[in-house]
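Overview (structure and organization)
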Amino acid sequence: MSTVDYGAIVSRHRQYFLTGVTRSAEWRESQLIALRTMMQDRAEDFYDALWTDLRRNRTDADLTDVKCMTSEAEHALTHLRKWMAPQSVSTPLFLAPSHTQVRFDPLGVGLIIGTWNYPVMLTLSPLIAAISGGNTAVIKLSEMSAATANLIARLIPEYLDREAFSVVQGAAPETTALLEQQWDHIFFTGGATVGKIVMTAAAKNLTPVVLELGGKSPTIVHSSANLQVAVRRIAQGRWQNAGQTCTAADYVLVFKDVAQAFLRQLKETVLHYYGEDPQQSPDFGRIVNVRHFDRLTALLESGTIYHGGQHDRDDRFIAPTILVNVSPDSPAMQEEIFGPILPVLEVDSVRDVINFINARSSPLGLYIFAEDHRVTEQILESTTSGDAAVNDCAVQPLIHDLPFGGVGNSGMGKYHGEWGFRTYTNARGVLYHSTRIDLGVRYPPYDHNQILRELVVPS
Ligand code: NAD
């Protein structure tokens, strides 16, 4: 257990927050520029760390972590002043003359608890939102992606304002100690089990939380789908980062009449992407640790292996695997897979699809491959999910202006772009009321005429 005085860290950041320094647009911009510079200057270090932790190749690292964070900081810089600008709203006549505004006030000191699968994005993206909102923050990195955690812990104090930001390393004991502190906001990314621990701790101080959790994101392949494009996109979304992606297609529901063609083309695509021996492919990642490796290899028993299945514990390698004949009651269909295994189940109708999805917890993502617009709309109208994509999967978090986050069991709260700014600010309604006119009818003793009531609630 660490001997770090977390209370002192929070107190230092709160004192700094209370000086008002972090409220100005200039300070926020300076920190976003510093973060962008850090990503640009130290890109090589980030590539190395991500390779060490997860064997992520550069293209993949850029798409979701390195260039992606540069671009998110850039987006915030471009729009920050517009987001910060107070918004005027109309005021009822009985309060005239006046004007009314919504201001977006910073919250204070935030705690950001990240996880290991996209260790840069999942800590720096909430940090960009916290900075945009004018907050200070403590970032807790995941112990499971240690090389990246060490790097971020070294770089944040080098590039960002040390009075405003701290990095804490460690595992459950350190997170537990951090959760005992008084925060103004807690942002957690990880599994639902720890998410409940976080929410329980936050409840003690009525601290607002964002929980970015996971779940089983369904992927529907309709008879009308463009199969060639569908298999390419599903394969990329499922097997990127060796399947350790919260938004990945967790399982496929394919319509019976196209099931065999879909499976055949999916297998061809996997071979094309990663070759006959995917263990040698520079584009295929590794499982983060042996605990997850053992969990995942046990899931291979949940069905018949249509393709893949090879594994090597010493190398934490599991081949891209397609499972068929998977029972909905099997372990692979009960827990989030979070690895390179894709169960493919056959369905007969749109109604089957809707019933299947609605019988389970609300997923983080939902993906529909169909050219028939009515099918797409019917499924979207009858189900729910944190996000969704039509004819694509797992790329929607890269769109800065789309709200990202779960619903129900996949989490609560949204971020990215302006959604992150809103999450990290209090929308504070302010009435500026002139004293030039002061209608007597609003004050007791009332003369019981209808004027005030008519003004407030016109008949
Ligand atoms: P996890 O929940 O075990 O760990 C996340 C963080 O919690 C880590 O920093 C860890 O140190 C801390 N932690 C672990 N045990 C703790 C405890 N007992 N008390 C306090 N803190 C503790 O992470 P995981 O389950 O390995 O992460 C994978 C999950 O995260 C998947 O479900 C995935 O879908 C989800 N995820 C969601 C998103 C998203 O953006 N919605 C992104 C990535 C991952």
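Because the structure is predicted, anything quoted here is derived from the model rather than measured.

**Looking at the state of the cysteines**
What is meant by a disulfide is a covalent connection between two cysteines, made through their sulfur atoms. For the structure shown, the criterion picks out zero disulfides. Of the cysteine sulfurs around Cys-246, a residue in no disulfide, the closest is that of Cys-68, at 12 Å. You can see Cys-393 has no disulfide; the closest cysteine sulfur is in Cys-246, sitting 12 Å from it.

**Here's the deal with the site of the ligand**
Surrounding the ligand, one finds 26 residues, the nearest of these being Trp-116, Glu-143, Gly-191, Leu-213 and Glu-336. At 3.0 Å, a side-chain N or O of Lys-140 approaches an oxygen atom of the ligand. Contact distances for the ligand include 2.8 Å between an oxygen atom and a backbone N or O atom of Gly-191. Bound to the protein, the ligand loses 87% of the 850 Å² it would expose on its own. Residue assignment for the shell around the ligand shows that the elements contributing at least two residues are helix H8 (172-179), strand E6 (185-189) and helix H9 (192-204). Ranked by residue count, the leading element in the shell around the ligand is H8, at three residues.

**Regarding helix H7 (residues 146-159)**
Helix length check: H7 (14 residues) gives 20 Å between terminal C-alpha atoms against 20 Å at 1.5 Å per residue, within 8%. Among all positions of H7, only Thr-148, Ala-149, Leu-151, Ile-152, Leu-155, Ile-156 and Tyr-159 are buried. Down the axis of H7, the buried side of the element spans an arc of 160°, and every buried residue falls inside it. Those residues of H7 that are buried lie in contact with helix H2 (25-41), helix H3 (43-54), helix H6 (121-132), strand E4 (136-140) and strand E5 (165-168).

**Things to note about the sheet that holds strand E14 (residues 341-347)**
Where strands meet in a sheet, backbone hydrogen bonds hold them as pairs that are either parallel or antiparallel. The sheet built from seven strands is open, its strands ordered E10-E13-E14-E9-E8-E15-E16 with mixed pairing. In the strand order of this sheet, the two ends are held by strand E10 (304-307) and strand E16 (387-390), each with one partner. The sheet shows a mean angle of 25° between the axes of neighbouring strands, taken without regard to direction. Relative to E14, strand E13 (residues 321-324) runs parallel, the two being bridged by three bridges. The partner of Ile-322 across the bridge, within E14, is Leu-342. Running at roughly 160° to strand E9 (residues 251-255), helix H14 (residues 350-358) makes contact with strand E8 (218-221), E9, E14 and strand E15 (365-369) of the sheet. Along the sheet, helix H15 (residues 373-382) contacts E8, E15 and E16; its crossing angle with E15, the most-contacted strand, is approximately 160°.

**So, the side chain of Thr-136**
Among the secondary structure elements, Thr-136 is positioned in strand E4. Among residues more than four places away in sequence, those in contact with Thr-136 are His-13, Tyr-16, Phe-17, Thr-22, Gly-108, Val-109, Gly-110, Ala-164 and Phe-165.

**What to know about the pattern of salt bridges**
Following the criterion strictly, the structure yields 20 salt bridges and no others. Ionic pairing is found between Asp-45 and Arg-42, a salt bridge with its closest N-O pair at 2.9 Å. Residue classification places Asp-45 among the partly exposed positions, given a relative accessible area of 26%. The shortest N-O distance in the salt bridge between Arg-56 and Asp-65 comes to 2.6 Å. With respect to burial, Arg-56 and Asp-65 carry one shared label: buried. Shared partners join several salt bridges into a network, and the residues in it are Glu-26, Glu-29 and Arg-81.

**Details of helix H10 (residues 227-239)**
In this model H10 runs 18 Å from its N-terminal to its C-terminal C-alpha over 13 residues, within 8% of the 18 Å that 1.5 Å per residue would give. Listing the buried residues of H10 in full gives Leu-227, Ala-230, Val-231, Ile-234, Ala-235, Gly-237, Arg-238 and Trp-239.

**Description of the domain arrangement of the protein chain**
Taken domain by domain, the protein chain comprises domain 1 (6-213 + 412-427) and domain 2 (220-357). Taken over C-alpha atoms, the centre of domain 1 sits 32 Å from the centre of domain 2. Taken together, the contact between domain 1 and domain 2 spans 13 residues of the former and 19 residues of the latter. Carbon and sulfur atoms make up 48% of the area that domain 1 and domain 2 hide from each other, which totals about 1300 Å². Put simply, domain 1 and domain 2 have zero salt bridges between them. Summed over the shared surface of domain 1 and domain 2, the result is seven residue pairs in polar contact (both at pLDDT 80 or more). Among the elements of the structure, H3 and helix H4 (58-64) are those that each provide at least two residues to the side of domain 1 that touches domain 2. Among the residues forming the side of domain 1 that touches domain 2, the class breakdown is six nonpolar, three polar and four charged.

**What to know about the environment of Asp-5**
Here Asp-5 shows up in the segment before helix H1 (6-18). Here the alpha-carbon distance between Asp-5 and Ala-177, two residues 172 residues apart in the chain, equals 9.4 Å. Within the structure, the side chain of Asp-5 is placed 3.1 Å from the backbone nitrogen of Ala-8, a separation counted as a polar contact.

The rules behind each value
Residues numbered from 1 in each chain as written. Predicted model: local features only at pLDDT ≥ 70, side-chain atom pairs only at ≥ 80, totals over all residues. Heavy atoms only, no water. Disulfide = S-S within 2.5 Å. Near = heavy atom within 4 Å. Polar contact = N/O pair within 3.5 Å; in protein donor to acceptor, adjacent residues only side chain to side chain. Areas by Shrake-Rupley, 256 points an atom, 1.4 Å probe, with all protein chains shown as cover. Helix = DSSP H or I, 4+ residues; strand = E, 2+ residues; numbered from the N terminus. Expected span 1.5 Å × (residues − 1). Buried < 20%, exposed > 50% of the residue type's maximum accessible area, 1.4 Å probe, protein only. Arc of directions from axis to C-beta. Contact = heavy atoms within 4.5 Å. Pairing = 2+ DSSP bridges. Axes fitted to C-alpha atoms, helices over the stretch in contact; angles between N-to-C directions. Salt bridge = Lys/Arg side-chain N within 4 Å of Asp/Glu carboxyl O. Domains from an automatic or database assignment. Buried area = accessible area lost by both parts, 1.4 Å probe. Nonpolar A, V, L, I, M, F, W, Y, C, P; charged D, E, K, R; others polar.

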